[in-house]
Amino acid sequence: MKTPLLYQLEKSKLDLVLGRWNQTIPVYVPSGKGKDISLLPMVDFPRTEAYINLTLPVKEMMFEQKEALFRWDRDAGGVKVENLSNQHAGERILYGVRACDTYGVGYTDHFYLKEFEDTNYASRRDKVFIVAVNCLKAGPHCFCTSVGTGVFSTTGHDLALTELEGFYLVESATAKGQQLIEAAADFFVPVSDEFAGDVSPGTLLAMKEQLRQKVADSFPLKMDLTNLHEDMARTFNADFWLDEANACIGCTGCTNVCPTCTCFNVVEENRDKDHGMRVRYWDSCQSDHFTRNAEFHNPRNALSRTRYRVYDKLKYIEERFGYKGCSGCGRCTDVCPTYISIIDIIHSIQKEAKENPEPPAIHQITAMRHEIFDREINVRNGLFTPDVATITKIELETPEIKRIYVKYDDPALHKNFKLNGQFFQITVFGEGEVPISIPFGPEESDEFDFCFKNVGTVSNILYNLKVGDKVGLRGPYGRPFPYEPLKGRNLVFIGSGVAMAPLRTILVQVVDNLQDFGKVVIMASALQYDKVIYKDELKLWSELEGVEVHYALKDPTDQVKAHQGYINDLLPDLDLDWSNTTALVCASPKRIKEVSKDLLALGIKPTDILTTLETHMRCGAGKCGHCKVGSHYMCVDGPVFTYEEMMALPPEY
Amino acid sequence: MTNTIEEIGDADLIFVIGSNTTEQHPLVATRIFEALDKGAKLYVADPRRIRLTDFAHGYAPIEPGTNLAMINAMIHVIIEEGLQDQKFIDERTNSYDIMKASVADCTPEWAEPITKVPAETIRDFARTYATSDKAMILYTMGVTQHVTATRSICALANLAMLTGHVGRPSTGINPLRGQNNVQGSGDMATLPDYLPGYQRPEWPTTWERFSKAWGDFSCLRGKVMSEMFDLIDEGKMKAMYIVGENPVLSDPDQNHTIHALKKLPFLVVQDLFLTETAEYADIVLPASSWLEKDGTYTNTERRVQLIRKVIEPVGNSKPDWIILNELMQRMGLDVDYKSTSEIMDEINLLVPTYAGITHERIQEVGIQWPCPDKNHPGTPILHVGQFRRQGGKGLFTINNFEREGERTSEEFPFIMTTGRVTHQYHTGTMTRKVWTLHREYPHGFVEINVKDAEALGIKEHQMVRVTSARGSITAMAAITDRINEKTIFMPFHFAESPVNRLTGQHLDPLIKIPELKVTAVRIEVEK
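Residues numbered from 1 in each chain as written. Chains lettered and ligands numbered in written order. Predicted model: local features only at pLDDT ≥ 70, side-chain atom pairs only at ≥ 80, totals over all residues.

Most peptide bonds adopt trans geometry, and most residues besides glycine take a negative phi value. Of the consecutive residues A:Gly150 and A:Val151, the connecting peptide bond is found in the cis state with omega at 20°. Looking at where A:Val151 falls in the secondary structure, it is placed in the loop between α4 (144-147) and β8 (159-163). Omega for the bond connecting A:Gly638 with A:Pro639 falls within 30 degrees of zero, at 0°, which places this linkage in the cis form. Residue placement: A:Pro639 occurs in the loop between β26 (632-633) and β27 (640-642). The backbone of B:Arg302 sits at a positive phi, close to 65°, despite the residue not being glycine. C-beta crowding within 10 Å serves as the criterion here: with 24 such atoms nearby, B:Arg302 is assigned to the buried category. Notably, B:His461 is not glycine yet its phi reads approximately 70°, a positive angle. (Helix = DSSP H or I, 4+ residues; strand = E, 2+ residues; numbered from the N terminus. Buried ≥ 20, exposed ≤ 12 C-beta atoms within 10 Å, placed from the backbone.)

See the structure below:
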């Protein structure tokens, strides 16, 4: 942030300023009493100054509890979609926001607007002006000074007001701040060296700093968090987590009041079978089933979900985004009906790390990394609105796996398509969305094909769609398998059942350019040969020079020559220079680990095993939070990981 | 509740029987945790190792249906060991000796084979309860939905009076109500044998009071719900008007309920959504939700609290009081209530315990009845100094335990007990429409002990069939070591696994509450 522009505002003129602003843009002011303080339109509600903080963080003005994403309407001509991310209240000036919440906005701006831009957040954020009023008093659970986000606002505000003697020192930090100053220019007295009388900017800033120090000193709660991350690495399995988990009733109050909680769920709200809306609601990692996948697999239990929230706030967010994940507002402690306190937990962590430290958990010593890339997405209507496509062909790959072919209704989307991801989000209108791996290569085509099993609510319905039915596509998302680094190496592709599909995207490129690679081994496993996908292609590939195809089946028949048992048994007999081999393994996390263990024993390096981890992804773009494991979003940072990276994730996938 | 929720936090001992407090009353449970933090002891009796047991100092894995035996044995121990509060008994109660004689044989050794609770555990419960200064009893449907419901509660009253744990802060007998306003609707006489304020129609004072407001009226003793479906079946009951209740899922013996509803000549259902029961209705009256109406709710601690309309009624729905007002008018009655506050004015006149509770007084904080006049602050604790009975003395009662109601057999060797989960409410008419609650508990399940599951070859998440003498349903197995062996638990929220197709018609003889907590069943893997 550049050096703020300074102004003075007489305290008695404040209401005049708010009134002036309100003539053109609705001003929201703190209103209510006690601990029940809301930001409400000043035209209808009296402003109060008697408050420590707002009951809910200002986040709710930019990321609303419920927001419409898009609507869809089906008629004889097909399906039309309309992006609804701009449906909101319009411009608003939010007055009286505290430093912990402006810091939260600083973080949510970074979170929602970078990487893939969240269209909903962007459209609301653009219209919001934030006027911070710096705190002069701390509440019982305030600890912004300990985490370093306060006590005075440092980011996220357009204007920041500090009450000095009879006047406010006003700092304008943005163009929007300047717009507000100009709208009431007659009340704001600029402070600059030129016009300095008795007070110079330096004096004023010194007065402010003195006051800041005084307020900071008055905080009842002071914690030294310098070594917190190290302490957390040594207390991941500490006993006190079980006590906390036992106390938690999963009411999700803590995440609802958190200025840095960003998770949401997407929900279909249908008017009838031909008309509906996809909306998003705030969601909470403190619900037991937030992370549940299809077929009951839930990587977190009561203990790990309780612990996850604390690690996310105090560690993971900072590791991934470079912002504090906890702004020290203390609201989660205020609202918890069972007295779970992040402050007490910090004390427990520090005490336990001192008295009873574990060896640092490997997944907790990852070096700090703030890699945020702006990413492109091939959709026309913003991040969350799919483009309509038509099913052109359906093939039964196995008795329970289908291969569907789809074509965008707008051919330009195929023309401009770039294969820079690992999966698509496929919408069944009115039912929901499901992430499905990309099995096709980058060659230009006017059609996509996907292979999937009917295991979940949405995939069950997708499974029963017919040729001519419409679906929605968003994608591609996710970090794909690398291609260039594989050149010159032996490659072993290991795919179990439908998990051969995510490997195919790279496989088709490799078999077309075999001269660039060493030996290529493809290993397909399944219960029976019937359950192997891409049977015909596997046969064709097996006839190519330099390609071997092996099958490992539980119940082999004479349909194909196959090993009876696991893939693992076949590995030692492959005549490969393992130090120059990359293995691409796709299976359940449990099988990935079993296969990788044997590969490592043969001499392959953990960085040369590539795998994909498919967890409960909802948005595909690193926003909804469902697939987050430790500080990693599976959908953005993965789903492709090396085995080394995979083992450095907390065991919650 | 004889006492208030807040007082739980200051108790020395909390005896929880038949209440899964953390799941069903999570905020009440926070008061238990508060008390534990201050050093209180927690004693829990429940057939399931509910979460509270993780924090309990004493735990009784009681067999469903045997609460009364355990309570009587506790009383026996207290008297045997001379731990009773003789001063309290002498000064404030009647009939102690008769009660004492009635439990003479109820030794813990007698209770052990009945309740499956070790005799020593019963002694520990009794001693700790008797010797703690501030001891509170909390209970819910685990005590009431039995054929011994009334007697068990009377026995709990014996226990509390015996030890002087009544009429003081952080003591008493405290039923935690399962619904926001079940206390209020009871107070306003959604009971067959009372007029509002628990006033018997046959009392002369009642007639005098109500005829002043209502003119000449007659009032016959009504029937309880569990009797009504039989009366329909017998052709004696011709019409039914159901408000905010879904008996197809919530009443025992679903097949019988549906059979009766089909036979019923005329059915009106008034509810927020089209319920399973409304499917059988001739007329459905769409009612408004709590967000769309004004009025009061009376909570579990007898606190009358104001609610305010936030949004206008959706569609053509109307608040219940307006529907009733219009109905009365169309039936030719001379009534015209303009607001819920006007109705409250009438309640002030007719119900002595509500006499001083006006909307004006409860704008900020509700008032606990009894509140006899407009200057009275309300009554947080009942029975202080004297009991609210004629003569002011507490009455000890005789509550003999006998094996009654449903029993297991060779054909039906398991006891099924029913209940709720945190994220669903009753028959799910509201909560199952909310995605976030639906996600947590999308469908019914059968909690079964690990050993039983192993013996029956049942695997986690497998569909199992549960069959009783009345019917048969399927649900998914949830295998756990937190339930007694030979006991299974099922929630009753789910229409696809309608537990009340299995439950029976055994009733408490006095108040006719069905024995929903004990059903003999067999369980097998669904083919």
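Okay, back to it.
Attention shifts here to the interface of chain A and chain B. Counting from both sides, the interface comprises 12 residues of chain A and, opposite them, 12 residues of chain B. For the side of chain A that touches chain B, the residue count by class is seven nonpolar, four polar and one charged. (Contact = placed C-beta atoms within 7 Å. Nonpolar A, V, L, I, M, F, W, Y, C, P; charged D, E, K, R; others polar.)

Residues and elements named next belong to chain B. Their axes nearest at 9 Å, the elements helix α12 (residues 225-233) and helix α14 (residues 254-263) cross at an angle of 50°. Taken together, the axis directions place α12 and α14 in an arrangement best described as oblique. The two elements α12 and α14 cross, and the hand of that crossing is left-handed. Between α12, through Phe229, Ile232 and Asp233, and α14, the contact on the second element is made entirely by His256, Thr257, His259, Ala260 and Lys263. Its residues assigned to classes, the contact of α12 with α14 comprises three nonpolar, three polar and two charged. (Axes fitted to C-alpha atoms, helices over the stretch in contact; angles between N-to-C directions. Parallel < 35°, antiparallel > 145°, perpendicular 65-115°, else oblique. Left-handed = near helix turned anticlockwise from the far one by under 90°.)

We now examine the domain arrangement of chain A. The accessible area lost on association of the parts is a frequent measure of interface size. Taken domain by domain, chain A consists of domain 1 (5-217), domain 2 (228-364), domain 3 (387-477) and domain 4 (484-612). For domain 1 of chain A and domain 4 of chain A, the distance between their C-alpha centroids amounts to 56 Å. (Domains from an automatic or database assignment.)

Turning to the domain arrangement of chain B, a few remarks are in order. All names here are of chain B. Segmenting chain B into domains produces domain 1 (6-175), domain 2 (182-368) and domain 3 (414-525). A straight line from the C-alpha centre of domain 1 to that of domain 3 covers 26 Å. Tallying the contact residues gives 17 residues for domain 1 and 22 residues for domain 3. At the level of secondary structure, the elements contributing two or more residues to the side of domain 1 that touches domain 3 comprise α1 (21-24), α8 (141-144) and α9 (149-162). Looking at which element gives the most residues to the side of domain 1 that touches domain 3, the answer is α8, with three residues. Of the residues assigned to the side of domain 1 that touches domain 3, the class counts are six nonpolar, eight polar and three charged.

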